[in-house]
Amino acid sequence: MRLHNLLAWLLVAGALTPATGMLHAPASAAADQRGNGIGIRLVDAPVQARADSRARRYIVDHLKPGSVIHRRVEIANTTHSPQRVAVYPAAGEIRDRTFQFAPGRTANELSTWTSMSRDEVTLAPQAHSMVTATIDVPKNAAPGERYAMIWAEVSGDPPPGGGLREVNRVGVRIYLSVGGDNAPAAGFTIDSLTAQRSADGRQSVLAQVHNTGGRALDLSGELRLTSGGLSAGPYNVETGTTLAPGDTGSVIALLTEQVPDGPWHARIHLVSGLTEGTAAADIRFPSAAGTAEAVAATMDGHLPVAAIGAGAGVSALAAVSFLIVRRRHRSRRERATG
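As the structure is a computational prediction, the values presented were derived from the model and not from experiment. (Residues numbered from 1 in each chain as written. Predicted model: local features only at pLDDT ≥ 70, side-chain atom pairs only at ≥ 80, totals over all residues. Heavy atoms only, no water.)

**Remarks on the overall build of the chain**
To keep things clear, this is the line we draw: Helix and strand definitions follow DSSP, with helices as H or I runs of at least four residues and strands as E runs of at least two, each counted in order from the N terminus. Think of it in three bands: with a 1.4 Å probe and only protein chains considered, a residue is buried below 20% of the maximum accessible area for its type, exposed above 50%, and partly exposed in between. Note on definitions: a residue-residue contact is assigned when non-hydrogen atoms from the two residues lie within 4.5 Å. In these tables, accessible area is a Shrake-Rupley quantity obtained with a 1.4 Å probe, and a residue counts as shielded only by the protein chains included in the view.
Along its length, the chain carries 4 helices and 25 strands. Within the chain, the fraction of its 338 residues that count as buried is 42%. Excluding contacts between residues fewer than 6 apart, the proportion of contacts in the chain whose partners are at least 24 apart in sequence is 72%. By element, 52% of the accessible surface of the chain is carried by carbon and sulfur atoms, the whole surface being about 17400 Å².

Laid out in structure tokens, this is it:
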């Protein structure tokens, strides 16, 4: 989304859920990121999502049919003139491995479930105002994940004599899963790594990712390279790739320096909220512009953060079992030599 005269800023604090404890965004958070424009941010985050950066940036939730929830968003004007800001929901979708915004006020199922306490706010210079979004899920809603946006929009008058009217908007994404008591698990596999070299000699590594869970993924991460005593990185994975449940796509890490062709032991770590995974493969960069053959990646074992406690219990049980077996073997040896 390209913004013209108004430099819009997007502050993302978190989603308000019907759960009990809440974290409130500090007042300084807005001041630190404000620019000269119009902004929108979520105000509250659930305590249980304090470690989930994705849930603090977007409205991410799982609801049963018939549920009604509310979200508070703050609209701010950091310009030096009064601004009239329209606030409304509109459609979103995941297409071509990215989160896509529908033009204008195009509606979809989720946006029709979403209403705003005010359709418009008028803000003095350096002022802000709260608006509440209500999401009302019908009792007959089918299970599945849906996507939408909450937009803050300003528009200018057309030039004298006619012409195009300039419209600028910034928004907050909504990822809403509908189903039973338990939210679908999120997960992914990193299937392969591919070394590339562009026509200008810049090197990159492409990771093929498969969304194996029931929630959309917004992927970020980093790549590290090692070879004997040499190491390179970390190199950031370019953000912007969103994978719908069951989808397969790729993310890319661009090297910021020239490294030997290799071979290199490449290790990539990807994150989407609390879901993360690491995979490795031995790669070699092509000496000329082109793409090397994809190499199957080996993934480390990874568990969602919520399952770590259960995993620790399994590990403890395995350790106890090992001790019992070891003692039995020792007792047998003692009887044999006694």
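**Structural notes on the nonpolar core**
The criterion, for reference: We define the nonpolar core as a collection of buried residues of types Ala, Val, Leu, Ile, Met, Phe, Trp, Tyr and Cys that are connected through side-chain atoms lying within 4.5 Å of one another.
Counting 29 residues, the largest nonpolar core has I40, I75, V85, V137, I150, I174 and L176 as the members making the most contacts within it. Considering each element in turn, this core owes the most residues, 5 residues, to strand β13 (residues 167–178). Core analysis: the second largest hydrophobic core is formed by 28 residues, Y235, A266, I268 and A281 among them.

**With respect to the pattern of salt bridges**
Charged atoms that come close allow side chains of opposite charge to pair. The condition that has to hold: Note on definitions: salt bridges are taken to be side-chain nitrogens of Lys or Arg within 4 Å of carboxyl oxygens of Asp or Glu.
Evaluated as defined, the whole model comprises 13 salt bridges. Across the pair R224 and E222 runs a salt bridge, and its minimum N-O distance is 3.2 Å. Among the ionic contacts, a cluster of salt bridges with common partners joins R54, R173 and D218.

**Re the confidence of the model for the chain**
To keep things clear, this is the line we draw: Residue-level confidence of the predictor is summarised by pLDDT, bounded by 0 at the bottom and 100 at the top.
In this model, the chain carries an average pLDDT of 80, and 74% of its residues clear a pLDDT of 70 or more. In the predicted structure, residues 302–338 sits below a pLDDT of 50 and forms 7 contacts with residues beyond four places in sequence or in another chain.

**Some details on the packing of aromatic side chains**
How two aromatic rings sit relative to each other is given by the distance of their centres and the angle of their planes. Note the following rule: Side-chain rings of Phe, Tyr and Trp, where Trp is taken by its six-membered ring, are said to pair if the distance between their centres is within 6.5 Å; with planes under 30 degrees apart they count as stacked, over 60 as edge-to-face, and otherwise as tilted. Placement of a charge over a ring requires the Lys NZ or Arg CZ to be within 6 Å of the ring centre, with the centre-to-atom vector within 35 degrees of the ring normal.
Counted under the stated rule, the structure contains 6 aromatic pairs. Ring geometry for Y58 versus Y175: centroids 5.6 Å apart, planes at 45 degrees, classification tilted. Of this pair, Y58 sits in the loop between α2 (53–57) and β5 (59–63) while Y175 sits in strand β13, placing them 117 residues apart in sequence. Both residues of the pair, Y58 and Y175, count as buried. One aromatic cluster is present, built from ring pairs that chain together Y58, F99, F101, Y147, W151 and Y175. Stacked on the ring of Y88, the Lys or Arg R105 has its end atom at 4.1 Å from the ring centre. The ring of W151 is capped by R169, whose NZ or CZ atom sits 3.8 Å from the centre of that ring.

**Some words on the side chain of T278**
Our working rule: As used in this structure description, the phrase polar contact means that two N or O atoms lie within 3.5 Å; if the pair is within protein, one of them must be able to donate a hydrogen and the other to accept it, and residues adjacent in sequence are counted only when both atoms belong to side chains.
Tracing the sequence through the fold places T278 in strand β22 (residues 275–283). Exposure remark for T278: the relative accessible area of 12% places this residue in the buried category. Polar contacts involving the side chain of T278 include one to the side chain of H269, which spans 2.6 Å. Dropping the residues within four chain positions of it, T278 is found in contact with I190, R267, I268, H269, T298, M299 and D300.

**Brief notes about the sheet that holds strand β21 (residues 264–272)**
Pairing between the strands of a sheet comes from backbone hydrogen bonds, and it takes one of two forms, parallel or antiparallel. For clarity, the threshold we go by: If DSSP finds at least two bridges between two strands, the strands pair.
Taken in spatial order, the 5 strands make up an open sheet running β18-β17-β21-β22-β25, and their pairing is antiparallel. Of all the strands in the sheet, the pair left with one neighbour each is β18 (230–236) and β25 (298–299). The pairing of strand β17 (residues 220–227) with β18 spans 5 bridges and is antiparallel. Pairing of S227 across the sheet is with L230, part of β18.

**Examining the pairing of β13**
Counting buried residues along β13, 11 of its 12 residues qualify, which places the element largely inside the surrounding structure. With 5 bridges joining them, β5 and β13 adopt parallel strand pairing. Bridged to L63 within β13 is V178. As judged from the 12 bridges shared by strand β12 (residues 144–155) and β13, these two strands associate in the antiparallel manner. Counted as the bridge partner of E153 is R169 from β13.

**What about the side chain of S67?**
With respect to the helices, strands and loops of the structure, S67 is situated in the loop between β5 and β6 (68–77). A distance of 2.7 Å separates a polar side-chain atom of S67 from the backbone oxygen of K64.

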